[in-house]
Amino acid sequence: MNVTLPPGAGLENVDSEQVKTFKDFLISYNKLAELCFTDCVSDFTSRNIKGNEDRCALNCLEKFLKVNQRISQRFQEFQMLANENALAAAQKLGQTQSPT
């Protein structure tokens, strides 16, 4: 899907990394909305949201956010450990090659 914006729309300074980040956010948001809607909304006979549907959607959202946060924390921990190991390996390699 291509979106054409008029000139001067204020997007001249948006770089590709910002666009990618926003696309990733929208993909995640859409998955969350679809998941929680599918799991929680079951009655289409009324325009009103029932209490149990509302609670289910809130619980679904909270669980999704907590899991996402937990995964992000674990990924950061893994990255820090991998960086420390790479630094230690580089230092060890540098020490073994230094005496010439």
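Look above for the structure.
Here the structure is a predicted model, which means the values were calculated and not measured.

Asks: Would you mind going over the pattern of salt bridges with me for this structure?
Replies: Between side chains of opposite charge, pairing is possible as soon as their charged atoms come close. Inspection of every chain in the model, using the stated rule, returns three salt bridges. Here Glu-77 makes a salt bridge to Arg-74, at a shortest N to O gap of 2.8 Å. Here Glu-77 pairs with Arg-74, and both are found in helix H2 (residues 51-97), just three residues apart, close to one helical turn. For Arg-74, a relative accessible area of 37% corresponds to the partly exposed category.

Asks: Is there a simple way to explain the side chain of Glu-53 in this structure?
Replies: Positionally, Glu-53 belongs in helix H2. Buried charge without a partner: Glu-53 forms no salt bridge, and the closest opposite charge is Lys-50, 6.4 Å away. Engagement of the side chain of Glu-53 in a polar contact is seen with the backbone nitrogen of Asp-43, the distance being 3.2 Å.

Asks: Can you help me understand the layout of surface pockets in this one?
Replies: Take a probe with the size of a water molecule and roll it over the atoms, and the empty space left behind shows itself. Roughly 260 Å³ of internal volume is contained in the second largest pocket. Considering the residues around the second largest pocket, the lining is formed by 15 residues, among which Phe-37, Val-41, Ile-49, Glu-53 and Ala-57 are closest to the centre. Sorting elements by how many residues they give to the lining of the second largest pocket places H2 first, with five residues. Among the residues forming the lining of the second largest pocket, the class breakdown is nine nonpolar, two polar and four charged.

Asks: Would you take a moment to explain the state of the cysteines for this structure?
Replies: Note: disulfide means a covalent bond formed between the sulfur atoms of two cysteine side chains. All chains considered together, the criterion is met by two disulfides. With a sulfur-sulfur separation of 2.1 Å, Cys-40 is cross-linked through a disulfide to Cys-56. Taking the sign of the torsion about the S-S bond as the criterion, the disulfide between Cys-40 and Cys-56, at about -70°, is left-handed. Placement of the pair is Cys-40 in helix H1 (residues 16-40) and Cys-56 in helix H2, with a sequence separation of 16 residues. Among the residues examined, Cys-56 registers a relative accessible area of 27% and is labelled partly exposed. Along the protein, the cysteines engaged in disulfide bonds are linked according to the scheme 1-4, 2-3 when indexed in sequence order.

Cut-offs and rules
- Residues numbered from 1 in each chain as written.
- Predicted model: local features only at pLDDT ≥ 70, side-chain atom pairs only at ≥ 80, totals over all residues.
- Heavy atoms only, no water.
- Salt bridge = Lys/Arg side-chain N within 4 Å of Asp/Glu carboxyl O.
- Helix = DSSP H or I, 4+ residues; strand = E, 2+ residues; numbered from the N terminus.
- Buried < 20%, exposed > 50% of the residue type's maximum accessible area, 1.4 Å probe, protein only.
- Lys, Arg positive; Asp, Glu negative; His and termini not counted.
- Polar contact = N/O pair within 3.5 Å; in protein donor to acceptor, adjacent residues only side chain to side chain.
- 1 Å grid on protein atoms, 1.4 Å probe; cavity = no way out; pocket = protein on both sides within 12 Å on 5 of 7 lines; lining within 4 Å.
- Points joined across faces, edges and corners; volume = space filled by probe spheres on them.
- Nonpolar A, V, L, I, M, F, W, Y, C, P; charged D, E, K, R; others polar.
- Disulfide = S-S within 2.5 Å.

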